[in-house]
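# Analysis of the macromolecular model
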Amino acid sequence: MNELIQQIVDGLGRGGIYALIALGIAVIFGVMHLVNFAHGELITVSAYSAYGLFQAGWNWWFIVPAVILIAGMTSVVIEFLAFRWVRGAPDFTMLMTSFGIHFVVQALFVMYVSANFRQFPRPDWIFNTVKIAGISFEVFDIAVIFFTLLTLIGTFWILQKTMFGISLRAAAEDFDAARLMGVRSDRIIRGAFALSGVLAGVAAVFWLMRSGQAGPTAGLTPMLKGVLAALIGGLGSLGGAVLGGVALGLVEVMLISRLPEGLVGLTDGIVFLLIAFLFVFRPQGFISVRRAERV
Amino acid sequence: MLEVESLTTRYGSISALRDVGLSVGSGEVVCLIGPNGAGKTTLLSTISGLLNPVSGSVKFENEEITSWAPDRILRSGLALVPEHRRIFGDLTVDENLLVGGVTISSGRRLELKEEIITLFPVLGEKLSTEAGYLSGGEAQQLAIGRALMSEPKILLMDEPALGLAPVLAEVVFELINQLRQNGQTLLVVEQNARRILEVADRGYVMRSGSIVISGDSNELISRDDLFETYIGKTDTTHE
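The model shown is predicted, which means the values in this text are computed figures rather than measured ones. Throughout this description, residue numbers start from 1 for each chain and increase along the sequence as written. Starting at A for chains and at 1 for ligands, labels are handed out in the order in which the entities are written. Side-chain atom pairs in this predicted model are given and counted only at pLDDT of 80 or more, local residue features only at pLDDT of at least 70, and totals for whole chains, interfaces and linings cover all residues.

With that out of the way, let us pick up the overall build of chain B. When helices and strands are counted, chain B shows 10 helices and 10 strands. What the globule rule says is 2.2 Å times the number of residues to the power 0.38, and the radius of gyration is computed from C-alpha atoms. For 239 residues, the compact-globule estimate of 2.2 N^0.38 gives 18 Å, and the C-alpha radius of gyration of chain B, at 17 Å, lies within 12% of that figure. Here the C-alpha coordinates of chain B stretch approximately 45 × 40 × 35 Å along the principal axes. In this description a helix means any DSSP run of H or I spanning at least four residues, a strand means any run of E spanning at least two, and both kinds are numbered starting from the N terminus.

Residues and elements named next belong to chain B. As summarised here, the arrangement of the 6 strands in space is E6-E7-E8-E3-E9-E10, forming an open sheet in which the pairing is mixed. Taken across any chain shown, the strands that pair with only one partner, and hence form the sheet edges, are strand E6 (78-81) and strand E10 (210-216). Sheet twist, expressed as the mean angle between neighbouring strand axes with direction ignored, is 15 degrees. Sheet analysis places strand E9 (residues 202-207) next to E10, joined by 6 bridges and oriented antiparallel. Across the sheet, residue Arg 207 finds its bridge partner in E10, namely Ser 210. Contact between residues is assigned whenever the C-beta positions, reconstructed from backbone atoms, fall within 7 Å. Lines fitted to C-alpha atoms define the axes, with helix axes restricted to the stretch in contact, and inter-axis angles between N-to-C directions lie between 0 and 180 degrees. Helix-sheet contacts for helix H1 (residues 40-47) involve strand E3 (29-33), E6, strand E7 (154-158), strand E8 (185-189) and E9, and the interaxial angle to E7 is about 145 degrees. Should DSSP find at least two bridges between two strands, the strands are regarded as paired.

Let us look at helix H6 (residues 136-148) of chain B. All names here are of chain B. Helix length check: H6, at 13 residues, gives a terminal C-alpha distance of 18 Å against a target of 18 Å (1.5 Å per residue), a fit within 8%. Three exposure classes are used, based on other C-beta atoms lying within 10 Å of a residue's own C-beta, which is placed from the backbone: buried for 20 or more, exposed for 12 or fewer, and partly exposed in between. Here H6 lies mainly inside the structure; 11 of its 13 residues are buried. Those residues of H6 not exposed but buried are Glu 138, Ala 139, Gln 140, Gln 141, Leu 142, Ala 143, Ile 144, Gly 145, Arg 146, Ala 147 and Leu 148. Packed against the buried residues of H6 are E6, helix H3 (93-100), helix H4 (106-119), helix H5 (121-125), E7 and helix H7 (166-181). One less than the number of residues in a helix, times 1.5 Å, gives the span that helix is expected to have.

Further remarks concern the sheet that holds strand E5 (residues 63-64) of chain B. Hydrogen bonds along the backbone pair up the strands of a sheet, which may run parallel or antiparallel. All names here are of chain B. Spatial strand order, E2-E1-E4-E5: 4 strands in an open sheet with antiparallel pairing. The sheet is open, and its two edges are formed by strand E2 (14-24) and E5, each paired on a single side. Pairing of strand E1 (residues 2-11) with E2, which is carried by 7 bridges, proceeds in the antiparallel orientation. If you follow Arg 10 over to E2, its bridge partner there is Ser 15. The strands that H1 touches are E1, E2 and strand E4 (55-60); relative to E2, the one it contacts most, it runs at about 70 degrees.

Residue and element names in this part refer to chain B. Although it is not a glycine, Glu 61 sits at a positive phi angle of roughly 50 degrees. Accessibility expressed as a C-beta count within 10 Å gives 14 for Glu 61, which makes it partly exposed. A positive phi angle, close to 50 degrees, is found at Glu 151, a residue other than glycine. By the element assignment, Glu 151 lies in the loop between H6 and E7.

Here we take up the nonpolar core. Here, a nonpolar core means buried Ala, Val, Leu, Ile, Met, Phe, Trp, Tyr and Cys residues linked by C-beta atoms lying within 7 Å of one another. Among the nonpolar cores identified, the biggest contains 151 residues, and A:Ala203, A:Ala204 and B:Leu156 are the most heavily contacted of them. When near neighbours in sequence (up to four residues on either side) are disregarded, B:Leu156 contacts B:Leu44, B:Ile47, B:Ser48, B:Leu78, B:Ala79, B:Leu80, B:Val81 and B:Leu187.

Taken together, the contacts link 18 residues of chain A with 22 residues of chain B. In this classification, Asp, Glu, Lys and Arg are treated as charged, Ala, Val, Leu, Ile, Met, Phe, Trp, Tyr, Cys and Pro as nonpolar, and every other residue, Gly included, as polar. The class makeup of the residues in the side of chain A that touches chain B is 8 nonpolar, 3 polar and 7 charged.

Residues and elements named next belong to chain A. Tracing the sequence through the fold places Ile 25 in helix H1 (residues 2-32). Note on Ile 25: 30 C-beta atoms within 10 Å, which makes it buried. As a C-alpha pair, Ile 25 and Gly 285 span 260 residues in sequence and 15 Å in three-dimensional space. Not counting chain neighbours up to four residues away, the residues in contact with Ile 25 comprise Asn 36, His 39, Gly 226, Val 227, Ala 230 and Ala 241.

Residues and elements named next belong to chain A. Contact geometry of H1 with helix H8 (residues 185-211) gives a least axis separation of 8 Å together with a crossing angle of 165 degrees. Classified by the angle their axes make, H1 and H8 are roughly antiparallel. Between H1 and H8 lies a crossing of left-handed hand. Contacts between H1 and H8 involve Ile 17, Leu 20, Ile 21, Leu 23, Gly 24, Val 27, Ile 28, Val 31 and Met 32 from the former and Ile 188, Ile 189, Ala 192, Phe 193, Leu 195, Ser 196, Leu 199, Ala 200, Val 202, Ala 203, Phe 206 and Trp 207 from the latter. In terms of residue class, the contact of H1 with H8 is built from 19 nonpolar, 2 polar and no charged. Each angle is binned into one of four classes, with values under 35 degrees roughly parallel, values over 145 roughly antiparallel, values of 65 to 115 roughly perpendicular, and all other values oblique. For a crossing to be left-handed, the near helix must be turned anticlockwise from the far one by less than a right angle; the clockwise case is right-handed.

All names here are of chain A. As judged from the 4 bridges shared by strand E2 (residues 129-132) and strand E3 (residues 135-138), these two strands associate in the antiparallel manner. Within E3, the residue paired with Thr 129 across the bridge is Glu 138. Between E2 and E3, which pair antiparallel and follow one another directly, the connecting turn spans 2 residues, one of which, Ala 133, has a positive phi of 50 degrees.

Okay, the pairing of E3(B) next. Residue and element names in this part refer to chain B. Judged by how many residues are buried, E3 sits mostly within the fold: 5 of 5 residues are covered. Along E3, one buried face is formed by Val 29, Cys 31 and Ile 33 and the opposite face, lined by Val 30 and Leu 32, is buried too. One ladder, built from 4 bridges, connects E3 with E8; its direction is parallel. What sits directly across from Leu 32, in E8, is Val 189. In terms of strand pairing, E3 meets E9 through 4 bridges, oriented parallel. When the bridges of E9 are listed, Leu 32 appears paired with Tyr 204.

Here we come to the packing of helix H2 (residues 39-55) of chain A against helix H4 (residues 91-112) of chain A. All names here are of chain A. Close contact between H2 and H4 brings their axes to 9 Å; oriented N to C, the two are set at 20 degrees. One finds that H2 runs roughly parallel with respect to H4. Judged by the sense of rotation from one axis to the other, the crossing of H2 with H4 is left-handed. Listed contacts from H4 to Gly 40, Glu 41, Thr 44 and Tyr 48 of H2 are Ile 101, His 102, Val 105 and Phe 109. Here the residues of the contact of H2 with H4 sort into 4 nonpolar, 3 polar and 1 charged.

With that out of the way, let us pick up the confidence of the model for chain B. Residues and elements named next belong to chain B. Each residue carries a pLDDT score, the predictor's confidence in it, ranging from 0 to 100. For chain B, per-residue confidence averages 89 on the pLDDT scale, and residues scoring 70 or more make up 96% of the total. A low-confidence stretch, residues 234-239 (pLDDT under 50), is modelled with 12 contacts involving residues beyond four sequence positions or located in other chains. For this predicted complex, the interface score ipTM comes out at 0.88, while the overall pTM is 0.89.

Moving on: helix H9 (residues 220-233) of chain A. All names here are of chain A. Helix length check: H9 (14 residues) gives 20 Å between terminal C-alpha atoms against 20 Å at 1.5 Å per residue, within 8%. Of all 14 residues making up H9, 11 are buried, and the element is well covered by its neighbours. Every buried residue belonging to H9 is among Pro 222, Met 223, Lys 225, Gly 226, Val 227, Leu 228, Ala 229, Ala 230, Leu 231, Ile 232 and Gly 233, and all of these are buried. Buried positions along H9 lie against H1, H2, H8, helix H10 (238-258) and helix H11 (267-281).

Below is the structure:
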């Protein structure tokens, strides 16, 4: 029983990170119909920023807000440099654009920094454990769950209570109708990228605290998990993305802890099989979304 | 107030509008009638910026607004209640109204929302309902209320009574009458030609992308030949 609770907390910690990434992907998909495969580059950029700031003598206390800010700004810059030009283009064009950005950013880091991974120190409390009601938990998992919840509450508050959030949800449902109401497409799209970038930044902080390294492909795995989580949840559904992330994290942890040692390497494969199975019964994911208009 | 001159809009190689001209004066209620496919919706979409014309001009309060973005046109004071309403079904009634007022100050937005609720009491009762669950009549009221939230100088309505039961359609016509009495300038596209002509000051008849006849409502309504030739039988029975 104790073990199960530990695994659930572990899974929630892992799933929380996926949820933040997936939510960012879902926000962008909602307003632009773009599955942003360049979303992982925000984590790559965050990783190198963290590395660079460590080199400059900063510590985690300052690096955390800096990384979140940098990720948010990078997201807006990528929109400005690349996605702005393909707004309203067929979905496939935007998809290819996102792949293009992914490879360009990766190549830039290989060319101008290094193809090798660079290490930086992880926070010293990262593997500490704490005993609650006789069960020991990783402090890190608890921190992730707490800050993920805080971030999600903040994000949903913005989406539900501010004019920006309400306009963004309106635009996600029917962009033309929103423009007819006076919603400015530039602001909404830029805002969506900023929000998505900040969410990626928060996720990146957790991801990097655990991995402690920066490399040109650092963003690849988190991006894939995020896309997967968004798909499971129902692409475009914001609540679904969070649900999908948490479910993915939980399933991974359950598999890793239950599979015989020789088969742990197959975890991802089994996860994909499970997802394929899910899509047979619910092709639209957990939560189906009303028809969304493109920009 | 609104001047449209020789407007031509194409979908690919097909001209949906050919050399269309019309004008709406301040405080006027003008209707646009004609059979399906005549180009009425295309005309409203072009005026409000959803479509770009290949030639011609749209002037609003003596300013050239041709090919402006829809949000900029809205900000200049021209609002559209689009065909099929296009309310935001995932948003609550309250949120739909707020989006309608996205261009005005937050204080004014709340004031105006109260006014709209007074005008449409049923919306007030369902503020926290997701708009996707509204009935057709309620949704239409929301679409109109949402458009009024921007305090438009002119309101364009694309078939506001479409798909409504006759009793509810009548509510819409009453409402148009009421807006007219409040001095609201209106340009209304409507299938039910006779009924809208009873409410409007003037009318334009469109067919195959062009305006074929225009005149005062009284004059148009008395011309039986007009209904037979251009409008067909849809004028008395509403779909």
